[in-house]
Every structure is written in structure tokens, then in C-alpha cells.
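Close look at the chain arrangement
Read off the chains here:
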Amino acid sequence: MLTTVLNFAQRVAEISLLGGIEIASVALIVYYIFAKTRAPVIIAGLFPNLNLSYRTSYLSKINTIRSDLLVNLRSSNEPKTQNSVAHGIGTQNMLELTPQSGQKPFKKLLDWGVLFPFVAQVVRSEKFEYRQVTEIVHNDAVLKHAIKQAAEQTLREQRYAKNGHRLLTRSASGDQQAQEEEDEKIGISYQSILRKQEQRAISILKDMGSTLNNGLLAFTSWILYKLLPCFLSGVVTNTKQIEMLKTASERSPGTPLIFVPLHRSHLDYIMVTWILTNNDIRSPLVAAGNNLQIPVFGGLLRGLGAFFIKRKIDPVEGKKDVLYRAALHLYLTHALKQGHNVEFFIEGGRTRTGKPCMPKGGILSVIVNAFMDGSIPDALLVPVSVNYERLVDGNFVREQKGEKKIPESFSKAISGIWKALKSNYGLMRIDFNEPYSIRELVNSYNKIAREDGNNAKVYKPAARVLQHNQSTSSLYGTDVVCEEHRNLIESISRQVVFDCAAATSVMSTNALAFLLLTRFRNGAEEQMLSSALDDLRNSLSGSKDIGFSGESSQILAYACDLLSSGLVTRTRDENGRLVIKAVNSVESFIELAYYSNMLTPHFALSSILLTTFHSLLPETEKRKDAGVSRKKLMDTALENCQIYRYEFILNKPTQILENLLYKQLDDLLFSGCIRSEKQQDDLPNAAECRRLAQSLTDCLDEDDDDYLHVRNGEVDEPKLLFASETLPQQRNICEVLAPFAWTYVTVAQSLQILHRNSMLESEFISFVINDLSSKVKRGSCIYAESISTDSVRNCLKLLEKWSVIEVCNQQGMRLISLNTLYEMSRESLNTIVKKIDAIVPKFNSGYFNMTP
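A brief report on the enclosed structure follows. (Residues numbered from 1 in each chain as written. Predicted model: local features only at pLDDT ≥ 70, side-chain atom pairs only at ≥ 80, totals over all residues. Heavy atoms only, no water.)

1. With respect to unusual backbone geometry
Phi is positive for Asp 280, which is not a glycine, with a value near 60°. A residue is classified by how much of its surface remains accessible, and Asp 280, at 22% relative accessible area, is partly exposed. The phi dihedral of Ser 803 falls on the positive side, at around 65°, and the residue is not glycine. Inspection of the secondary structure puts Ser 803 in the loop between α33 (789–801) and β19 (805–810). On the basis of relative accessibility, which here comes to 37%, the residue Ser 803 falls in the partly exposed class. (Buried < 20%, exposed > 50% of the residue type's maximum accessible area, 1.4 Å probe, protein only. Helix = DSSP H or I, 4+ residues; strand = E, 2+ residues; numbered from the N terminus.)

Written out as C-alpha cells, the structure reads:
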């Protein structure tokens, strides 16, 4: 009896503080929705005999007092008759769709769902069985083996710490009994260590495990139907894509769906789940960083499917946490075997620059390994593209300037939610791309790997494609598959990121920011910007999905309003014409670059080609006749692509980069940015012939695009000549990658301070950022957005790959120093600087100074 009372008291004590906070938070949310909607009036109409007049009058008084505070929230729910644009063609706003409400068509003559569509939607949505896997993992023999392995590792460390090599030598001699007696004398107990590891395994699984359930999914779904319209004008997706997912699930009922979105906002975690839940698709388990385990919101995310993973798997560099890795591997494997869908962010974290990050292959490796060892028959990878007209999370300017990230906390989350509810963030766009089978991917890559290279149409890994080193230090660098599978994982992960980036819809703010940073850095009249936006939309037509429609002038006004006066200004000049201009501050340019960089990968190859072309043009008096051979241009452009190997994924693993460069060259020839030496008006030029040949090839075989194709006129091809008539257009294309080039060349120039001196990586990054800030302030660098810690880190990875610098870890700190060759020879270091300097467009000299 006493034990029962004590256990009850203990449980009450455990839930008193956290439970009280959660209950209070939920109560406030419910009250907020209740007060904000017509719930009291509806209840009074349904139950006229109840005396609710005092309640409604009391609420009306409160709403009157709070009218000033809620005016923005109410106006966000009202239809916008001005300063708004339609979302993309063929899409629908999910906030307006309630297929379960009974409205289309009526299920009954009198259906209560018509009066309460959102309640009917969440109640009538299909409910699934979400099995908990924590207990299954705990009883797995593999985990028990990992516990023993971790205990033995800890035992060896303690022995070494006590007596060093003497005990290790005695242990190696095989005298186990003597070793145990010696352990007992110095206070080391293997059984005690083993028990601690067993308790740690329980703790790991408790912290990691999800509590996904239908009740919380339904409640959260209803809340989101009410709250999302307060700060989003719509959550847009293509209903055909939803039907495609349903069809895939019905065709393979035992095959899990693996949703792989690019990560932009904390809102991503629940929005994919919200859409799937309300369209009768099983909600996934979502991999989340343990930095989100904050009061209230951590429990909410866990109930919505989140399972939490440490952001750094191994606490000590170079020492693998065997137990944690085994627990993570088993949790995912058993989740897949129990029929769970899974969602994870292949970039590892939110992008700070607006463009895709390099993939982290750890979670994907577990899923592929589960297929390879027969744990699951197959899995369908679903690349998911997410974009926002305005980022709900705010911005990452502080982090790009080198300042420390503010960690997530309860107070930060509450303040962020309150700020969001008082703001307008426009549209959110989610696209579900066509699923592809892991079984088919593995078979395809294995087939390619077995080819002998005789067939010219087969992709060969030895071809000139960008290489990439797998990350093992971040959230998803779990390193749990065999070494021979690593290249396979890398290829699949890079293809997923490439496909996600290519399918991401262009929002109005992306287009405006891109034009302001690449064409009109000093601003432009609205009419000129509208014309430029028309040109951009035409150039993207057929290759990128446009997430907006309407007149360009209205789109510009709408985008300016969303970005606000802190980033973009709209003023009248002395002639009364409307001028749109980016705010002239470092912070505004960095934030605008976030939106602009969504389009940067699309134009990256063209920018590399054209910048390389200008760097190769000879200095001659007859500049209009200056030219470069195709072979030299391609060889140099391929080398320059290698400089951006950690910045962009320029091609799929099944594509040859050289072929893509030739295709971009054709486009530049067709647009007149480059001229051909023998080009004639009455005959089709080389670009048109190549375009025709490629079209015929595509018609014969759709898969030929991924393989090598014959290039017409490779022998004795005419030179490529400078085209002065399109010089402004050439400059615009070169501007796309100019900020990244300035960052890279500044990093290369800063290597001089490492001469006979090693530095902490963080100190070196701060030095580079300060140097870039000084250049921007002096005006020697016109790109304030080049101040980017992400690009500095990517350049350091490149220099480490080139063996220019060495990186070592000492007590958890990364030290960088020059390699011996570059330490001894300053000339070798200057060669690296010149090599990177070649990708910087020289707008103040050379051919860019010519007048058309």
C-alpha cells in the first residue's frame, strides 16, 4: 500500500511542472482559437436554451480590449483584394480543402461536417496503426551485443587510465583471472560498467523514441487549420502529386515511403505530416535534431512523429559511439519493418544560404542497408521540395556574419510563434516529386558499376564528374553501412538533392531578389523590372515551375510588400516614376541573397562557362575578333567546376558534366552571348544542329539524356568569339556566381597568415569574414552577400581536398595549418590564389569595359 502511494506521488511530482506548462500552453491556444472564431455564436445558435449571453458578452469585451493587438491577425484571414497574386497554375491551397467535411458531395441530407468542416476533416480522416518500436529495439540481440561491446571499450579505457600500458600488456598475455583480480584492487568492476551501459541504452531509446499517435495528429491538424491562415496566405501543392503518392501506396502496401525534403524552416517538420494526414496517407516518423527537445514543443513534435537524434553522433572526435550508432540503426530498421513511413532532411540542417547544402548520407545509408540485408523488400524515395515566399524562421544573417547561433529554447519558440502570428509570410509551396524505388536504384547503379566501358551510352564512374567526400561528423554521418556501399549511398543522396533543387518552385520573392542582385543592384524603375521579370519567366518556362502567376507589375508590388521596407524600398523619383531598390546595407543584401540563391543553381553552369570564356579571351586590339577554342573552354570550365564542388551539385551521378556544359554552351550560342566563328545567317548554326540532334535522340530514347551522346563537329570546330552586342546580358549571367567567387578568393588570399602558424578553424573563419567586411566597406568588393561563413567553410573543404591545408583535431577543436609544400614555397601558394582568382569576373577590366 505504501509503495503504491509513493509511486503515485512520484508520478504526480514528475508531471507537475512540465505537465502544468503543457496544459497551460494548450489551454491558451484553444482559448485563442475560441476567442478568434465564431465558436460562441455557433454554440448559442445550436443550443438556444442555454444562457450563453454572459459568456459571449464577456468575450466580446475582451476582444474589444484586444482589438488593436489582433487587427493584423484578423486581416490576414480576410481575402486580399489588393497586393496579392495567384499561386502557380495547376495547384490548390490546402488550407481551403476539407475533402472529409461532406461538402463535395454531400454524404447525407444534413451533414454536421458542413457546419464544422475542419472538425469533420480531422475526425473523418483515415486513422492508421502506429506501432511503437522502442521495446522491440531494446530486446534486439544486436543491441545487447553493442552494450557488451561498449562496456568492454569503457573497461579498456579505465584500465589504461589507471595503469597505462602495463595493464594492457598483462591483458594481452591472456591471464584473465589475474587481470580481474587487478581490476578489483584498483576499483574497476566490469559488471558495474555493463549495468551503466544497459541503463544508457534505455536512456538513449527513451530520448530517441517517437510517440506518434492519431489523437495528437487530429488535434494538431485542427489547430493548424485555424492558425496557419493567420500568417500564411496559403499552403499550396499539386493535388495530382497527392494522388500519385496514394497510388504508389496502394500498389505496394508493404513498401514504406521515405520522404526526403530539403530543409528550410522548423515549420517543415509538421507541414509534410499535416498534408499527408489530411489526405489519408500514413504520417511518417521524422528525424529531428535533439536541439528541438525543448519543453512543450519537444513533446508535441514527438507525438507528431519526431524521433530525436544527437546532432553529433560521436562526442569525442575519432572515437565511435558504438552503442548510440547501434540504437539508431536498429530503431530505423525496426520502424521500417513495422510499416512506418520515414521522413528525414538529407542536408542535415536548415540551409543558411537559400541554396541546397551537400547531402549527409547517414540516415539514407540505414534505409539502403535495411533493403540490402533483406529487412525490407523495397522502399520508395520521395524527394520533397519546400519553399516559402518569406521565411517564417526569420533570417540567418547573424550566422552568416560569423556570430554564434542562438540555441532553441521555450522562450525563443514562444516569441517566434507570437511574431509569426502578427506577420504575413505569403505562400508556402510543397511539391512531392515522383517516387523511385531503392531496389531499382540499387540495380541500376550496380549494373553501371559492372559495365566494362565499351558502350559509349553507359555512365562510367571514372568519367569526369564531381567527387564528394562523405560527411561523418554531423547529424546524419552515422557510418553504419559497409564501406563498399558508401559510393552507392553518395550517388543516391546527390541525386535526391539534385532532383529536389530542380523541382523547387520559384516564388515571387525569389524572382525579385534574383533580379535585384544580378541585374539591378542599384535599383531600377518598376517598368524596367517588370520587363526583366517577364524575360526571367520566359527563360524559366519549361525548366522550372513558377509558383506565381499574373501581371509582372502586380507580382513586383506583392513581393516588395512581403519582403518589407527593411529589404526593398519603393520610392518615386523626381519624375514621379516608381523605383524599386534593395536597401543598401550588409544585412539586407545577405538576406536577399537567401531568396536569390534558390535560382543560383539553375544558372550556375552558364555562369561558370561565361566567366571562364571571358578569362580566356586574349588581350588584343581587335577585341571583336578575339576567340577561344571549344576544347580549351571546356577543359578550363571543367576545372573551374571543381572549385565549386562543395558549393553546388552541378550534375546527377548518372550524367556527364561535360555534356551538360556543352548543352549550356549551345544555349549561350543560341542567345547570342557567344558567337561562332563560322556562323552564317542562311545556314543553321552549330547550336541549332546540336539542339536538333539532341531532340531526335530524346524522341528515340528518353533515357539517352543520362548517357554520353555524340557531339557534332567535335573535330575542327570553329572558334568561339566575343559578342559585344550582348555584353549587358553576359555581365548579368556572370554576376550569378560572383559573390561566391569573391568569398573563395578572399579565403585563398588569407592563407598567408597560416605561414609557419596554425590557427583554430573558427579563428581563421572570423579573420576571413572580417577581411570580407572590410573589402565591402571600402568598396573593393561590391557584393555584401559574399560575407558568408558557409561559403568560407566550403572553400576550406576544397583546400583540404587539394592538400593545401591540413586539419587536425585536438581536444575537440579543429586546427588548420598549411601543408608542407605550401609552407615551404610561397610560389605554390600564389598558384592556388591565381587558380581560384580565375573564377572571379573582372568587371572593371578586359572585355566588360567595352561599349556595344
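2. A few points about the side chain of Lys 355
Relative to the helices and strands, Lys 355 is located in the loop between β7 (341–343) and α17 (362–372). Its relative accessible area of 5% is what places Lys 355 among the buried residues. Separated by 2.9 Å, the side chain of Lys 355 and the backbone oxygen of Glu 647 make a polar contact. (Polar contact = N/O pair within 3.5 Å; in protein donor to acceptor, adjacent residues only side chain to side chain.)

3. A word on the pairing of strand β8 (residues 380–388)
Taken across its nine residues, β8 has nine buried, putting it largely inside the fold. Burial along β8 is two-sided: Leu 380, Val 382, Val 384, Val 386 and Tyr 388 facing one way and Leu 381, Pro 383, Ser 385 and Asn 387 facing the other are all buried. Examined bridge by bridge, strand β4 (residues 257–261) and β8 share five bridges and lie parallel to one another. Residue Phe 259 lies in a different strand from β8, and its bridge partner there is Val 382. Sheet topology note: the β8/strand β10 (residues 436–437) ladder contains two bridges and is antiparallel. The partner of Leu 380 across the bridge, within β10, is Ser 437. In the sheet, β8 pairs with strand β9 (residues 427–432) via five bridges, with the strands oriented antiparallel. By the bridge assignment for β9, Tyr 388 is matched with Met 428. (Pairing = 2+ DSSP bridges.)

4. Section: the pattern of salt bridges
The full count for this structure, using the stated rule, is 19 salt bridges. Arg 429 serves as the salt-bridge partner of Asp 545, at 2.9 Å between the closest nitrogen and oxygen. One end of the pair, Asp 545, is in the loop between α23 (526–540) and β12 (548–549); the other, Arg 429, is in strand β9, with 116 residues separating them in the sequence. A residue is classified by how much of its surface remains accessible, and Arg 429, at 3% relative accessible area, is buried. It is possible to trace a salt-bridge network through shared partners that takes in Arg 200, Lys 310 and Asp 321. (Salt bridge = Lys/Arg side-chain N within 4 Å of Asp/Glu carboxyl O.)

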